[in-house]
Amino acid sequence: MKLSVIILNYNVRHFLELCIKSVEAALIHIDSEIIVIDNLSKDDSCEMVKRLFPKVKLIENSENYGFSKGNNIAVEQAQGEYLCILNPDTVVAEDTFEILLNFSEEHKNLGILGCRLVDGHGRFLPESKRYVPTPKVAVKKMLGYTDSYYVKELDEIAIGTVPVLVGAFMILRKSVYKEVHGFDEDYFMYGDDIDLSYKVDELGYDNMYNGKTAILHYKGESTLKDKVYAKRFYGAMQLFYIKHFKSSFLFNIMVWFGVKLATWFQKPVPTVKSNSKAFVLISNKENKALEKILNKSLQLQSKLKGYSNETEYILDNNHLSFKSIIEIISNTPKNCSATFKILPKNSNFIIGSNSSKSRGEVMPFDDN
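Please read these numbers as outputs of a predicted model, since none were measured by experiment.

So, the overall build of the protein chain
Per the secondary structure count, the protein chain includes 11 helices and 15 strands. Restricting the contact set of the protein chain to residue pairs at least 6 apart, pairs at least 24 apart contribute 76%. Here the protein chain has roughly 16500 Å² of accessible surface; of this, 52% comes from carbon and sulfur atoms.

Concerning the pattern of salt bridges
Close approach of charged atoms lets side chains of opposite charge pair. Scanning the entire structure with this criterion turns up 16 salt bridges. The closest approach of N and O atoms between lysine 57 and glutamate 33, which form a salt bridge, is 3.7 Å. With lysine 57 in strand 3 (residues 57-60) and glutamate 33 in strand 2 (residues 32-38), this pair connects stretches of sequence that are 24 residues apart. Given the relative accessible area of 12%, glutamate 33 is considered buried. Sharing partners across several salt bridges, the network here consists of Arg13, Glu17, Lys21 and Asp44.

What about the state of the cysteines?
Under the counting rule described, the total for this entry stands at 0 disulfides. Cysteine 84 provides the cysteine sulfur closest to cysteine 19, a residue in no disulfide bond, and the two sulfurs are 8.7 Å apart. Among the residues examined, cysteine 19 registers a relative accessible area of 0% and is labelled buried.

Remarks on the packing of helix 1 (residues 13-26) against helix 2 (residues 45-52)
Following both chains from N to C, one finds helix 1 and helix 2 inclined at 30 degrees, their axes separated by 9 Å at the closest point. On the basis of the axis angle, helix 1 is roughly parallel to helix 2. Crossing of helix 1 against helix 2: the hand is right-handed. Side by side, helix 1 and helix 2 meet where Arg13, Leu16, Glu17 and Ile20 of the first sit next to Ser45, Met48, Val49, Arg51 and Leu52 of the second. For the contact of helix 1 with helix 2, the residue count by class is 5 nonpolar, 1 polar and 3 charged.

Cut-off values and rules
Residues numbered from 1 in each chain as written. Predicted model: local features only at pLDDT ≥ 70, side-chain atom pairs only at ≥ 80, totals over all residues. Heavy atoms only, no water. Helix = DSSP H or I, 4+ residues; strand = E, 2+ residues; numbered from the N terminus. Contact = heavy atoms within 4.5 Å. Areas by Shrake-Rupley, 256 points an atom, 1.4 Å probe, with all protein chains shown as cover. Salt bridge = Lys/Arg side-chain N within 4 Å of Asp/Glu carboxyl O. Buried < 20%, exposed > 50% of the residue type's maximum accessible area, 1.4 Å probe, protein only. Disulfide = S-S within 2.5 Å. Axes fitted to C-alpha atoms, helices over the stretch in contact; angles between N-to-C directions. Parallel < 35°, antiparallel > 145°, perpendicular 65-115°, else oblique. Left-handed = near helix turned anticlockwise from the far one by under 90°. Nonpolar A, V, L, I, M, F, W, Y, C, P; charged D, E, K, R; others polar.

Bear in mind that shape data such as this cannot, by itself, settle questions of function.
What follows is the structure, given as structure tokens:
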């Protein structure tokens, strides 16, 4: 088998459904499997997978093991030569895996491979390509300076070697994953992707970024910017330094203050709901059920005719490919206030996110 796609899920049932549908569309011509491992979700994620995706291998954990252990459990059952570690709040294009697997075959010394990530508003996510956060880099980031944290000299649509890839989407050979003993289970959440990237890089493999293909990462679903996030994130960074860098009393004090300041001043960010004045449905047919739930008239377009401010575009996956949906969202002009929702194929909800710092919005509707 060529590829095992591993999706670790926790309470994001609708995003998971959208993600699996995009992955299935991208694996049609690849000898592959999809493994969903659930960390004891309280919603109906597992029931949905069993009902809608009977061919997906579902692992139901008896407790929330966190990111590292959860993925390691799934890898033990994976049959693929390559692994894709994938967040459930992502959408891949139909040719994403084909492009990246072909690229992987051409680079025999490849470690971890990542690609371009954009959020639900079409903005490039700079954590797609990062430097190792040495103590000096970490302190500067705490102070708001990110030039030495993100690899900014490599263009977002370029290809190049980078030290650290993001755990929301990474491809690597299973043999490499096993060689570094997978994710370090001392990390519950955050820091695990940095640690894995660092270990792979230290063995002499080339971690690479390929910006020629893009995926959506809603991000806010798995990375809520609240006090709990701040405490876990900076705590994970401190663990990383203890494991890989010579620690000092002064640095430990600075990290301690950084964690305290972050948890004191970090405020929860609520769901950012659309305040759009106009709604456009990109589809080949009208949808009266959507108009009813939105309580707005929908302008129907078979293809996008341009971007308008204060307009929400509903992208119908029954009509549009995932690749074209990703392109529409990622091509949004930077000064445009347009927002987007996706109507997944054969589903009765629309879904999207207007901010990478908050939870997305799911709107179910009755399609009868």
